[in-house]
Amino acid sequence: MSKHQTTLCVFSLSVLSLPAAVQAAGEGFIDGASATLQARNYYFSRDFSDIVGANRQSKAEEWAQGFILDFKSGYTPGALGFGLDAQGLLGIKLDSSRDRVNTGLLPVRDNGQAADEYSRLGVALKAHYSQTELRVGELQPNLPVLTFSDIRLLPPSYQGASLLSREIEGLTLQGGHLRSTSLRNEAGDDKLQAMLGHVPQRQVSSDAFNYVGADYAFNDKRTTASLWYAQLEDIYNQRFVGLKHSEPLGAWTLGANLGYFDSHEDGEKLLGDIDNQAFYSLISAKHGGHTFYVGYQAMFGDNPFPRVFANVTPLGNEVPTYEFAYTDERSWQVRYDYDFAVLGLPGLTTTVRYIRGNNVDTGRGFEGKDRERDLDISYVVQSGALKGLGVRVRNVEARSNYRSDIDENRLILSYTWTLL
């Protein structure tokens, strides 16, 4: 057993064997605690089908095993309660080679090889008063301006402080200061960087990401309005306005998800001037096991959509491979989801979607165009010895005249044990 595996096992045992004195001193700390261990087996293959020649990597393909141990305490008794959350992560290489790295599953060492394993232990202290919670330490925020991007072997995290308050019925207020990040395939803390569209901006970094926002749910919680502000210090600042609505109509349920971002350069302007306005809309109609979607997304301004590297966003047409968020891009989406539970097959779901974009200002004297087709099939075993085992298959075909063509396949197996 490696030292990283030993660390994870010792952490697991120590969490589950807290001294009796601690339990007695803070009964709520233990009574409200939970702990899970998830095993995640991940195969990822991305073939850059338009790349030829020995000097450019034409394929990224790796297979890895991950373990995610989550512990969440309750709060100590009293009006002001304290608690602790911890997460232990371990990733193990099963298959890789120098000419197939950079899938996002495993770190790449200086010699160009993927690491055999990597691990991380993160802890967050928390305090709770009334309907307000303060967290300091390892955080995994899921916000319109910083969406939680658990899309590889292990989830990313950030280091800093966050505050969440629900003192007013229907109103959720949040704010935070993040100073560094642990990327999805890294064990250490890194400086915060940006992306413009699909292009990482690795030449500069920021000292902090700051955010404040409000979500207000009303109309029997069928409607939610959002207003947010975010700042990646000295790179960009961003405003977001969003509206979500769900409306029952007989046997149907209609839905709408609308959002608008306005982004500009910030402070020292480390990436120069930034000017982007992004609008997205995703309209849905659900009937039985069927859900139909139509989406439209548009970029305005002189630059692509800015974001923190390498997270995804809530943009309606952002999908696993392409973002459809480059300068001046316009894109349309059609999507269909089906839940086989209505046919007596609970746990089996499928998603198929197609997106086409055009009007891209490539800066190379021609109009950029791109398209993507995705197929996802997921199944969770409902009974028997394998109950809870999740299997997910994803197949993607993406084509563009200004960026790499991609054929992608993913196979993800996951199983979670409840420890507490």
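Residues numbered from 1 in each chain as written. Predicted model: local features only at pLDDT ≥ 70, side-chain atom pairs only at ≥ 80, totals over all residues. Heavy atoms only, no water.

- Per an unreviewed UniProt entry, the chain is named Outer membrane porin, OprD family, and its organism is Pseudomonas straminea.
- As its UniProt record puts it under Sequence similarities (unreviewed entry), the chain is described as follows: "Belongs to the outer membrane porin (Opr) (TC 1.B.25) family." (UniProt positions renumbered as here; feature names shortened; annotations may be inferred.)

**Remarks on the overall build of the chain**
Part 1 of the argument: Secondary structure summary: the chain contains 3 helices and 21 strands in total.
Part 2 of the argument: Relative to its length of 420 residues, the chain is compact, with a C-alpha radius of gyration of 22 Å against a globular reference of 22 Å.
Part 3 of the argument: Dimensions of the chain, computed from C-alpha atoms along their principal axes, come out at roughly 70 × 60 × 55 Å.
Part 4 of the argument: Among the 420 residues that make up the chain, the fraction classed as buried is 48%.
Part 5 of the argument: Across the chain, contacts joining residues at least 24 apart in sequence account for 59% of those joining residues at least 6 apart.
Part 6 of the argument: Accessible area of the chain: about 19900 Å², with a carbon and sulfur share of 56%.
Part 7 of the argument: Averaging the coordinates of the 40 positive side-chain charges in the chain and doing the same for the 50 negative ones gives two points 4 Å apart. (Helix = DSSP H or I, 4+ residues; strand = E, 2+ residues; numbered from the N terminus. Rg over C-alpha atoms; globule rule 2.2 N^0.38 Å. Buried < 20%, exposed > 50% of the residue type's maximum accessible area, 1.4 Å probe, protein only. Contact = heavy atoms within 4.5 Å. Areas by Shrake-Rupley, 256 points an atom, 1.4 Å probe, with all protein chains shown as cover. Lys, Arg positive; Asp, Glu negative; His and termini not counted. Charge placed at Lys NZ, Arg CZ, Asp CG, Glu CD.)

**Points about the sheet that holds strand E16 (residues 306-308)**
Part 1 of the argument: Strand order in the open sheet formed by 3 strands is E9-E8-E16, with antiparallel pairing between adjacent strands. In this open sheet, the two edge strands, each paired with only one partner strand, are strand E9 (199-206) and E16. When the angles between neighbouring strand axes are averaged without regard to direction, this sheet yields 30°.
Part 2 of the argument: In this sheet, E9 lies alongside strand E8 (residues 192-196) in antiparallel orientation, the contact comprising 4 bridges. From the neighbouring strand, leucine 196 faces E9, where its bridge partner is valine 199. (Pairing = 2+ DSSP bridges. Axes fitted to C-alpha atoms, helices over the stretch in contact; angles between N-to-C directions.)

**Concerning the side chain of threonine 362**
Part 1 of the argument: Mapping threonine 362 onto the fold places it in the loop between strand E18 (348-361) and strand E19 (367-380).
Part 2 of the argument: Overall, threonine 362 belongs to the buried group, its relative accessible area being 11%.
Part 3 of the argument: With sequence-adjacent residues up to four places away left out, threonine 362 is seen in contact with Glu367, Gly368 and Tyr402.

**Some remarks on the nonpolar core**
Part 1 of the argument: Of all hydrophobic cores here, the largest spans 28 residues; its most connected members are Val145 and Phe209.
Part 2 of the argument: Mapped onto this core, the elements with two or more residues apiece are E8, strand E10 (209-218), strand E11 (223-232), strand E12 (236-249) and strand E14 (275-287).
Part 3 of the argument: The residues touching phenylalanine 209, leaving out its near neighbours within four places in the chain, are Val145, Leu146, Gly176, His177, Leu178, Leu192, Ala230, Gln231, Leu232, Tyr236 and Val308.
Part 4 of the argument: Ala64, Val101, Leu106 and Leu153 belong to the second-largest nonpolar core, a separate cluster that totals 13 residues. (Core = buried A, V, L, I, M, F, W, Y, C linked by side-chain atoms within 4.5 Å.)

**Re a nonpolar patch on the surface**
Part 1 of the argument: A contiguous nonpolar patch, built from Val352, Leu375, Ile377, Val393, Leu411 and Leu413 and spanning about 400 Å² of accessible area, is present on the exposed surface.
Part 2 of the argument: Among the secondary structure elements, those contributing two or more residues to the nonpolar patch are E19 and strand E21 (406-418).
Part 3 of the argument: Mapped onto the elements, leucine 411 comes out in strand E21. (Patch = residues over 30% accessible without salt bridge, like charges linked within 9 Å, V, L, I, M, F, W, Y side chains within 5 Å. Salt bridge = Lys/Arg side-chain N within 4 Å of Asp/Glu carboxyl O.)

**Concerning the side chain of aspartate 374**
Part 1 of the argument: Note that aspartate 374 resides in strand E19.
Part 2 of the argument: Look past the residues within four positions of aspartate 374 in its chain and what remains in contact with it is Val319, Pro320, Thr351, Val352, Arg353, Asn395 and Val396.

**Thoughts on the pattern of salt bridges**
Part 1 of the argument: For the coordinates displayed, the defined rule picks out 24 salt bridges.
Part 2 of the argument: A salt bridge links arginine 40 to aspartate 150; the nearest nitrogen and oxygen atoms lie 2.8 Å apart. Of this pair, arginine 40 sits in strand E1 (residues 34-47) while aspartate 150 is found in the loop between strand E5 (132-139) and strand E6 (157-165), placing the two residues 110 residues apart along the sequence.
Part 3 of the argument: Across the salt bridge formed by aspartate 273 and lysine 269, the nearest N and O atoms sit 3.4 Å from each other.
Part 4 of the argument: Accessibility expressed as a relative area gives 52% for aspartate 273, which makes it exposed.
Part 5 of the argument: Through salt bridges with shared partners, a single network forms among Lys59, Glu61, Asp95 and Arg100.

**Overview of the pairing of E10**
Part 1 of the argument: Note that strand E7 (residues 171-182) and E10 share 8 bridges and pair antiparallel. Bridging across to E10, threonine 172 finds its partner in aspartate 215.
Part 2 of the argument: Pairing between E10 and E11: 10 bridges, direction antiparallel. Considered in E11, the bridge of asparagine 210 is made with glutamine 231.
Part 3 of the argument: Counted along the chain from E10 to the antiparallel partner E11, the turn is 4 residues long, and its residue asparagine 219 has a positive phi close to 60°.

**Considering the packing of aromatic side chains**
Part 1 of the argument: In the structure shown here, the tally under the stated rule is 13 aromatic pairs.
Part 2 of the argument: Arranged with centres 5.2 Å apart and planes meeting at 35°, the rings of phenylalanine 292 and tyrosine 336 form a pair that is tilted. In this pair, phenylalanine 292 is assigned in strand E15 (residues 290-300) and tyrosine 336 in strand E17 (residues 330-339), connecting sequence segments 44 residues apart.
Part 3 of the argument: Taking the relative accessible area as the measure of exposure, phenylalanine 292 reaches 39% and is therefore partly exposed.
Part 4 of the argument: Ring plane angle 35° and centroid distance 5.8 Å describe the contact between tyrosine 326 and tyrosine 402, whose orientation is recorded as tilted. (Phe/Tyr/Trp six-rings, centres within 6.5 Å; stacked < 30°, edge-to-face > 60°.)

**Let's talk about the environment of glutamine 193**
Part 1 of the argument: With respect to the helices and strands, glutamine 193 occurs in strand E8.
Part 2 of the argument: Look past the residues within four positions of glutamine 193 in its chain and what remains in contact with it is Gln201, Arg202, Val204, Ser205, Leu232, Arg307, Val308 and Phe309.
Part 3 of the argument: A polar contact of 3.3 Å, which involves the side chain of glutamine 193, links it to the backbone oxygen of arginine 202. (Polar contact = N/O pair within 3.5 Å; in protein donor to acceptor, adjacent residues only side chain to side chain.)

**Looking at the pairing of strand E4 (residues 117-129)**
Part 1 of the argument: Bridging between strand E3 (residues 80-95) and E4 involves 13 bridges; their strand directions are antiparallel. Looking across to E4, one finds that glycine 91 is bridged to tyrosine 118.
Part 2 of the argument: The turn joining E4 and E5, which pair antiparallel and follow one another in sequence, is formed by 2 residues; a positive phi near 55° is taken by serine 130.

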